[in-house]
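Observations on the model geometry
So you can see what is in the structure, the chains are spelled out below.
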Amino acid sequence: MKRLILITNDDSAHAPGMYSLIDRALEFGDVIAVAPAEPQSGKSSALTVDGPLRINELPDYHGARVFTVSGTPVDCVKLALHAIVPRKPDLLLSGTNHGSNSGNAILYSGTMGAVMEGCTCGITSVGFSLCHHSIKADFQLSADIVRQIIAEVVANGLPAHTALNVNIPARVRPEGVRVCRAALGHWSEEYKRYLDPQGRPFYFLTGRFVNEEPDATDTDEYWLGKNYVSVVPVALDQTAVAAIAPLSERFNH
């Protein structure tokens, strides 16, 4: 039986990055893509709980079946497993996202929300992001490295309860790959204020990521700046294990 690969994203089923990822994945098995009908960036692990979800099948792409779901990336994964794929996939790939998901972006990322849902379901899961928001971004420069990462995961799997957050530098052929940790940081000037014709204020999300440890040489932000692909292992368990003992002394009684 051929390997079954589920692909999703948060940029919608019309995003070029998803089709670039399908092209890479088809070398490793049968592919079914299930993606949002509309862009869903920033939805993290959100679920649709207040309305119906609808599935629509699009024309096949190079032999891969393609579906849309009228919901979030996590909706796509959950509904794919419930109503679309014939069996549990061997591999889940999310992306390739148009834009970075380095640093603390995993907290907000729909791309990685889908990855974590796949990991929760016991599926080997990897998210890919290109640090270039343009719809015309060039995914071919990193095609070989994406293929190599998929091949390594297919051949050797991943540690239990662990997924990968892969970020790719833009507009260059990557120098290589580095496994590293996510940089600590925060977002600055997150909203811009405007006035409508009636003089009432409204706001648009904006801002930039501020790396709080620019001199650290073991982070994704550092290696992306050196034109390397960053690979950050992410775990389902978010427990701050080191804090259990000192907090137990304070709270246990």
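So, here is what we can say about the structure in this document. From a predicted model like this one, the values you see are computed outputs, not experimental measurements.

1. A closer look at the overall build of the protein chain
Helices and strands together make up the secondary structure of the protein chain, namely 6 helices and 13 strands. For the protein chain, whose C-alpha radius of gyration is 19 Å, the value lies close to the compact-globule estimate of 18 Å for 253 residues. Each of the 253 residues in the protein chain was classed as buried or not, and the buried ones make up 47%. Looking at the protein chain as shown, the accessible area adds up to about 13,300 Å², and 53% of this sits on carbon and sulfur atoms.

2. Remarks on helix 3 (residues 110–120)
Counting buried positions along helix 3 yields 10 of 11 residues, so the element is predominantly enclosed. Within helix 3, the full set of buried residues consists of Gly110, Thr111, Met112, Gly113, Ala114, Val115, Met116, Glu117, Gly118 and Cys119. Against strand 1 (4–8), helix 2 (73–84), strand 5 (91–98), strand 6 (124–130), strand 7 (162–168) and strand 13 (229–235) lie the buried residues of helix 3. The N-terminus of helix 3 is capped by Ser109, whose side-chain oxygen sits 3.1 Å from the backbone nitrogen of Thr111. Phi turns positive, to about 80°, at Gly122, one or two residues after helix 3.

3. Brief notes about the packing of helix 2 against helix 3
Where helix 2 contacts helix 3, the two axes come as close as 8 Å, and the packing angle between them is 30°. Our classification of the angle between helix 2 and helix 3 gives roughly parallel. Where helix 2 crosses over helix 3, the two elements pack in a sense that is right-handed. Note on element contacts: helix 3 touches helix 2 through Gly110, Gly113, Ala114, Glu117 and Gly118, opposite Pro73, Val74, Val77 and Lys78.

4. Details of the side chain of Asn101
The topology assignment puts Asn101 in the loop between strand 5 and helix 3. At 3.1 Å, the side chain of Asn101 and the side chain of Ser109 are in polar contact.

5. Concerning the sheet that holds strand 8 (residues 177–179)
Ordered in space as 3-4-2-1-5-6-7-13-8, the 9 strands form an open sheet in which the pairing is mixed. The sheet is open, and its two edges are formed by strand 3 (55–61) and strand 8, each paired on a single side. If you compare each strand with its neighbour and ignore which way they point, the axes differ by 20° on average. For strand 5 and strand 6, the ladder comprises 6 bridges, and the chain directions are parallel. The residue of strand 6 that forms the bridge with Asn97 is Ser129. Sheet strands touched by helix 2: strand 1, strand 2 (30–36), strand 3, strand 4 (64–69) and strand 5. Its angle to strand 2, the strand with the most contacts, is close to 135°.

6. Quick notes on the environment of Ser129
Here Ser129 is to be found in strand 6. Between the alpha carbons of Ser129 and Ser102 there is a distance of 8.6 Å; along the sequence they are 27 residues apart. Setting aside residues up to four positions removed in sequence, Ser129 forms contacts with Thr96, Asn97, Gly99, Ser100, Asn101, Thr111, Val166, Asn167 and Ile168. At 2.9 Å, the side chain of Ser129 forms a polar contact with the side chain of Asn101.

7. So, the environment of Tyr19
Residue position: Tyr19 is located in helix 1 (residues 16–25). For Tyr19, a relative accessible area of 18% corresponds to the buried category. Along the backbone, Tyr19 and Cys121 are 102 residues apart, and their C-alpha atoms lie at a distance of 24 Å. Once residues within four sequence positions are removed from consideration, Tyr19 is found in contact with Ala13, His14, Tyr61 and Val66.

8. Points about the layout of surface pockets
Its volume calculated, the largest pocket comes out at about 680 Å³. Around the largest pocket, the lining is made up of 23 residues, and of these Ser100, Ala105, Tyr108, His133 and Trp187 lie nearest the centre. Within the lining of the largest pocket, the residues separate by chemical class into 6 nonpolar, 13 polar and 4 charged. Estimated volume of the second largest pocket: approximately 550 Å³. Together, 24 residues line the second largest pocket, and Ile106, Leu107, Val234, Ala235 and Gln238 are the ones closest to its centre. Counting residues per element, the ones that place at least two in the lining of the second largest pocket are helix 3 and strand 13. Looking at the lining of the second largest pocket residue by residue, the class counts come to 13 nonpolar, 10 polar and 1 charged.

Calculation criteria
- Residues numbered from 1 in each chain as written.
- Predicted model: local features only at pLDDT ≥ 70, side-chain atom pairs only at ≥ 80, totals over all residues.
- Heavy atoms only, no water.
- Helix = DSSP H or I, 4+ residues; strand = E, 2+ residues; numbered from the N terminus.
- Rg over C-alpha atoms; globule rule 2.2 N^0.38 Å.
- Buried < 20%, exposed > 50% of the residue type's maximum accessible area, 1.4 Å probe, protein only.
- Areas by Shrake-Rupley, 256 points an atom, 1.4 Å probe, with all protein chains shown as cover.
- Contact = heavy atoms within 4.5 Å.
- Polar contact = N/O pair within 3.5 Å; in protein donor to acceptor, adjacent residues only side chain to side chain.
- Axes fitted to C-alpha atoms, helices over the stretch in contact; angles between N-to-C directions.
- Parallel < 35°, antiparallel > 145°, perpendicular 65-115°, else oblique.
- Left-handed = near helix turned anticlockwise from the far one by under 90°.
- Pairing = 2+ DSSP bridges.
- 1 Å grid on protein atoms, 1.4 Å probe; cavity = no way out; pocket = protein on both sides within 12 Å on 5 of 7 lines; lining within 4 Å.
- Points joined across faces, edges and corners; volume = space filled by probe spheres on them.
- Nonpolar A, V, L, I, M, F, W, Y, C, P; charged D, E, K, R; others polar.

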